[in-house]
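Chain residues, written in single-letter form:
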Amino acid sequence: MTNGSWMSRLERNLREILNRMARAAERSGRSPESVRLIAVTKYVSEDAARYLVRLGQRDLGESRPQQFWTRAEALADAAVAWHFIGPLQKNKVRKTLKHVAWIHSVESWELLAAIERMAAEEGKRPTVLLEVNVSGNPAKHGFSPDGLLAEAEKLSQFRSVEIRGLMCMAGWEGDAAGARRDFQTLRSLQEQLRAAAPKECLFDQLSMGMSGDFEIAIEEGATMVRVGSALFEGIEGDLS
Ligand SMILES: *Cc1c(COP(=O)(O)O)cnc(C)c1O
C-alpha cells in the first residue's frame, strides 16, 4: 500500500467510527459531542499517530509506559491530550506524569496514593479514572465494585489528582450481552458513587468500550471510548 492510500484509509476509518459513535449516542438520547474518542495508537507507528492529529483527532491513548513516553515526547509539538490506559507500575508513575492528561487505569488504592504523592511533588494535577473489575474475571484489573463503594469516603484524601469517574473493560471478549451487563454495572456504580463519594469528586466520566463493543458502551452511557484496532483496519500491516 502506498503512503497516500494508508492515509486516505485512516481518514475514512476515523470518519466512520465518529459516525458510528454519533449514531449510538443518538440512539441513547444523547448528543454526539457528549462522547469522546480516545484513539489508541499502540498498534501503529508514530507517523500514523501524527496523521491522526492532522485529521483533527486530539485525544490519543497508549497502554504501555515505555511507548507512551516515547510517543508523547516525539509528538510534544502537537496539540494532543494524552491518555494513559494500561497497567501502571508505581516506579513508572513519575515519568508518566510528565506527559499525561488523563490516567484511565488507576486500579488500586496503592496506585492512587502513589500518583497523589508524586503529582504533589511534581506540581501536577492529573485527571484520573478508577478502573473497576466489573465482571470479576480474575484476568482483569481493578477495584471491586463493592469494595470501592464501601471505601468511597477515602477519596477525599486525594488532593493532587482530579477524580472524574470510572473505567472498565468488558469481562469476556466476544460476549456482547455480557459486555452490556458489565457496562450497566459500571454506570450504576458511578451513580451510587455520586451519592457516596466526597463532593469534589465529580464522577461524570465513564471510559468504557473498545473496537468490538464501543457502540454498546455508548448506549449504556460511556463518555469516552478507547478504540484502536477498528481505526487501523486495513492498514496495520503497512504501518507497523
Ligand atoms: C488496546 C486497548 C484498547 C483498544 O483496544 P481495541 O480493541 O484495539 O480497540 C482499549 N483499552 C485498553 C485498556 C487497551 O489496552
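What you see is a predicted model; the values in this text were computed from it and never measured.

Draft legend 1. Looking closely at the pattern of salt bridges. Taken as a whole, this structure holds 16 salt bridges when the rule is applied. We note a salt bridge from Arg20 to Glu215, for which the minimum N-O separation is 2.8 Å. Here Arg20 is found in helix α1 (residues 3-27), whereas its partner Glu215 is found in helix α8 (residues 214-219), with 195 residues between them in sequence. On the accessibility criterion, Arg20 (24% relative accessible area) is partly exposed. Assessed through its relative accessible area of 22%, Glu215 is described here as partly exposed. For the salt bridge of Asp77 with Arg50, the shortest nitrogen-to-oxygen distance reads 3.5 Å.

Draft legend 2. Structural view of the site of the ligand. Around the ligand lies a shell formed by Lys42, Tyr43, Ser63, Ile85, Met169, Met210, Ser211, Arg226, Val227, Gly228 and Ser229. Measuring from an oxygen atom of the ligand, one finds a side-chain N or O atom of Tyr43 at 2.8 Å. Between the ligand and the protein, one listed contact pairs a nitrogen atom with a side-chain N or O atom of Arg226 at 2.9 Å. Look at the ligand: alone it shows 390 Å² of surface, and the protein chains cover 89% of it.

Draft legend 3. Structural context of the packing of aromatic side chains. Applying the stated criterion across every chain, the model contains five aromatic pairs. A ring pair is formed by Trp6 and Tyr51, whose centres lie 5.7 Å apart and whose planes are at 80°; its orientation type is edge-to-face. Of this pair, Trp6 sits in helix α1 while Tyr51 sits in helix α2 (residues 46-54); the two residues are 45 residues apart in sequence, bridging distant segments of the chain. Relative to Trp82, the ring of Phe68 has its centre 5.8 Å away and its plane inclined at 85°; by these criteria the two rings are edge-to-face. In this pair, Phe68 sits in helix α3 (residues 65-74) while Trp82 sits in strand β3 (residues 81-84), placing the two residues 14 residues apart along the sequence. Under the relative-accessibility criterion, Phe68 is labelled buried at 0%. Through pairs of rings, three or more aromatic residues link up here, namely Phe68, Trp82 and Phe84.

Cut-offs applied
- In this convention, every chain numbers its residues from 1, walking through the sequence in written order.
- For this predicted model, a pLDDT threshold of at least 70 governs which residues receive local features, and a threshold of 80 or more governs which side-chain atom pairs are given and counted, while totals over whole chains, interfaces and linings are taken from all residues.
- Each side-chain value is worked out from all heavy atoms of the structure, with water and hydrogens disregarded.
- For this document, the term salt bridge refers to a Lys or Arg side-chain nitrogen within 4 Å of an Asp or Glu carboxyl oxygen.
- Where helices and strands are cited, they refer to DSSP runs of H or I of at least four residues and of E of at least two residues respectively, numbered from the N terminus.
- Three exposure classes are used, based on accessible area relative to the maximum for each residue type with a 1.4 Å probe and protein chains only: buried under 20%, partly exposed in between, and exposed over 50%.
- Near residues are defined by distance, with any heavy atom within 4 Å of the molecule or strand qualifying the residue.
- We define a polar contact as two N or O atoms separated by no more than 3.5 Å, with the added condition that, inside protein, one atom must be a possible hydrogen donor and the other a possible acceptor, whereas residues neighbouring each other in sequence contribute only through side-chain atom pairs.
- The Shrake-Rupley method, run with a 1.4 Å probe sphere, supplies the accessible areas, and residue values consider only the shown protein chains as cover.
- Each Phe, Tyr or Trp ring (for Trp, its six-membered ring) is paired with any other whose centre lies within 6.5 Å, and the angle between the two planes then decides the class: stacked below 30 degrees, edge-to-face above 60, tilted in between.

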